[in-house]
Amino acid sequence: MSNMICASFTLSKVGARRLTIQAASALRATEPVFRDEEYADIDWNNLGFGLTRTDYMYVAKCTENKEFQQGELSDYGNVELSPAAGVLNYGQGLFEGTKAFRGDDGRVFLFRPDQNGIRMQIGAERMCMRSPSVQQFVDAVKQTSLANRRWIPPPGKGSLYIRPLLIGSGPILGLSPAPEYTFLVYASPVGNYFKNGMAPLNLYVDNEFHRATRGGAGGVKSITNYAPVLKAVLRAKEQGFSDVVYLDSVHKKYIEEASSCNIFLVKGNVISTPATIGTILEGITRRSIIDIASDLGYQVEERCIAIDELMEADEVFTTGTAVSVASVGSITYKGQRVEYKIGDEMVSQILHKTLVGIQVGRIEDKHNWVVEID
Ligand SMILES: *Cc1c(COP(=O)(O)O)cnc(C)c1O
């Protein structure tokens, strides 16, 4: 037996989706008409941001120098890994995050899943991993969404958060790329970020910890970027803040982003966000908001932004798949706290409504971002 394929997943193989056959059409003995599954039996009005277990996950593997094999859906469950798996020992892993939305008429949409697939490929190159094709990536996200369709929240109640992972699953002892990779996609319903309308964030600018450095992996969605910021995040949360804003590690002067979302400021009619130069994760929401803001006639700038400028902004907001567009109510830096105006007529609220409208099929999708699945 090849010792390269020691890492294996224990999965029970199942058919595609659980489907119910409508009695009437079965009687007609024609092709069965499948009725949409009903919603899962959970309290859709109180969805938080925690993990809810769903029915299926998607798994595909790739051994050294080969293409990824065709993936399969299996029951959602634990995975089995060699203790020597590259991901466990050397952190060879990437994650992605995207969402499936239910439109008012029940149709299901994905938002720019190809961009997540492209980003996974760029990240895999940086982390010396094999990666699935963009087509396989998008197909896996579709299959996972449809198989877990009963977990996609009703319109207005939230969305299905989809988490694709790419890990070095093969065993390796010396410091070297793993001999086998596993691409896995699972999903969990999540609630709307704004439970009672506006929930402005209170951000803390950290002067000690940095998220990324030049030449590091801060620009890709490597799993190695997140455990190191937990300390900064927990410390800020203990003091009542929502998240941390990181400064560049060279000058400790220019803002980069928050722990898992990008940051924007508004001053007059100009919207600015830090330029991505390898230390900032290039968010798909960030890019989409830049385009939406330009479409709406705002001047948008991507450039170096000093912390002082952030403190003098009219408005500040963050963007990401999980948060969508979130208004910032205050920023605290070196003991000084500044508060920003918040309210319905804010630029961030206009951008948020436009983005969500496109995602659920309510506003014209002129950039062809939305993918309807069924
Ligand atoms: C995922 C992520 C973002 C947001 O990216 P989206 O594609 O908009 O979800 C921003 N910053 C970090 C560090 C992230 O991990």
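Residues numbered from 1 in each chain as written. Predicted model: local features only at pLDDT ≥ 70, side-chain atom pairs only at ≥ 80, totals over all residues. Heavy atoms only, no water.

A.B. asks: Hey, could you go over the side chain of serine 222 for me, with residue numbers and the actual values?
C.D. replies: Within the element layout of this structure, serine 222 appears in the loop between β10 (201-206) and α5 (227-238). A polar contact of 2.5 Å, which involves the side chain of serine 222, links it to the side chain of threonine 224. Sequence-distant contacts of serine 222, defined by excluding residues within four places in its chain, comprise Gly93, Leu94, Met127 and Ala217. (Helix = DSSP H or I, 4+ residues; strand = E, 2+ residues; numbered from the N terminus. Polar contact = N/O pair within 3.5 Å; in protein donor to acceptor, adjacent residues only side chain to side chain. Contact = heavy atoms within 4.5 Å.)

A.B. asks: Account for the UniProt feature "modified residue: N6-(pyridoxal phosphate)lysine" (unreviewed entry) in the protein chain, naming residues and giving values.
C.D. replies: Following the UniProt record, one finds the feature "modified residue: N6-(pyridoxal phosphate)lysine" (unreviewed entry) at Lys221. Within the element layout of this structure, lysine 221 appears in the loop between β10 and α5. Those residues in contact with lysine 221, other than ones at most four positions away along the chain, are Gly93, Leu94, Phe95, Glu96, Gly97, Arg119, Tyr226 and Leu281. (UniProt positions renumbered as here; feature names shortened; annotations may be inferred.)

A.B. asks: Tell me about the packing of aromatic side chains, residues and numbers included.
C.D. replies: Counted according to the given criterion, the structure contains nine aromatic pairs. Aromatic pair tyrosine 58 and phenylalanine 183: ring centres 5.7 Å apart, planes at 70 degrees, arrangement edge-to-face. With tyrosine 58 in strand β3 (residues 56-63) and phenylalanine 183 in strand β9 (residues 180-190), the pair connects residues that are 125 residues apart, well separated along the chain. A single burial state applies to tyrosine 58 and to phenylalanine 183, both of which are buried. For the ring pair phenylalanine 264 and phenylalanine 317, a centre distance of 4.9 Å and an interplane angle of 5 degrees mean the geometry is stacked. Placement of the pair is phenylalanine 264 in strand β13 (residues 262-267) and phenylalanine 317 in strand β16 (residues 315-320), with a sequence separation of 53 residues. Assigned by exposure class, phenylalanine 264 and phenylalanine 317 land together as buried. (Phe/Tyr/Trp six-rings, centres within 6.5 Å; stacked < 30°, edge-to-face > 60°. Buried < 20%, exposed > 50% of the residue type's maximum accessible area, 1.4 Å probe, protein only.)

A.B. asks: Can you lay out the site of the ligand for me, pointing to particular residues and giving the numbers?
C.D. replies: If you check the shell around the ligand, you find 15 residues, and the closest are Lys221, Tyr226, Glu257, Thr285 and Thr321. Contact distances for the ligand include 2.7 Å between an oxygen atom and a side-chain N or O atom of lysine 221. In the model, an oxygen atom of the ligand is placed 2.8 Å from a nitrogen or oxygen of the isoleucine 284 main chain. Starting from 380 Å² of accessible surface for the ligand in isolation, the protein chains cover 97%. Of the residues in the shell around the ligand, the class split is four nonpolar, seven polar and four charged. (Near = heavy atom within 4 Å. Areas by Shrake-Rupley, 256 points an atom, 1.4 Å probe, with all protein chains shown as cover. Nonpolar A, V, L, I, M, F, W, Y, C, P; charged D, E, K, R; others polar.)

A.B. asks: Residue-level account of the nonpolar core, with values.
C.D. replies: Counting 36 residues, the largest nonpolar core has Ile162, Leu166 and Phe183 as the members making the most contacts within it. Among the elements that take part in this core, helix α4 (residues 134-147) stands out by supplying six residues, more than any other. If you look at the next biggest cluster of nonpolar residues, it comprises 23 residues, including Leu247, Cys261, Ile307 and Val316. (Core = buried A, V, L, I, M, F, W, Y, C linked by side-chain atoms within 4.5 Å.)

A.B. asks: Could you give an account of the pattern of salt bridges, with specific residues and numbers?
C.D. replies: Oppositely charged side chains can pair when the atoms bearing their charge come close. All told, the structure shown has 15 salt bridges when counted by the stated rule. A salt bridge links arginine 149 to aspartate 374, with the nearest nitrogen and oxygen atoms 2.9 Å apart. In this pair, arginine 149 is assigned in the loop between α4 and β8 (159-168) and aspartate 374 in the segment after β19 (370-373), connecting sequence segments 225 residues apart. According to the relative accessible area criterion, arginine 149 is buried, its value standing at 4%. The salt bridge involving arginine 286 is made with glutamate 302; its shortest N-O contact spans 2.8 Å. With arginine 286 in helix α6 (residues 284-295) and glutamate 302 in strand β15 (residues 299-303), the pair connects residues that are 16 residues apart, well separated along the chain. With relative accessibility at 1%, the residue arginine 286 sits in the buried group. It is possible to trace a salt-bridge network through shared partners that takes in Asp105, Arg107 and Glu372. (Salt bridge = Lys/Arg side-chain N within 4 Å of Asp/Glu carboxyl O.)

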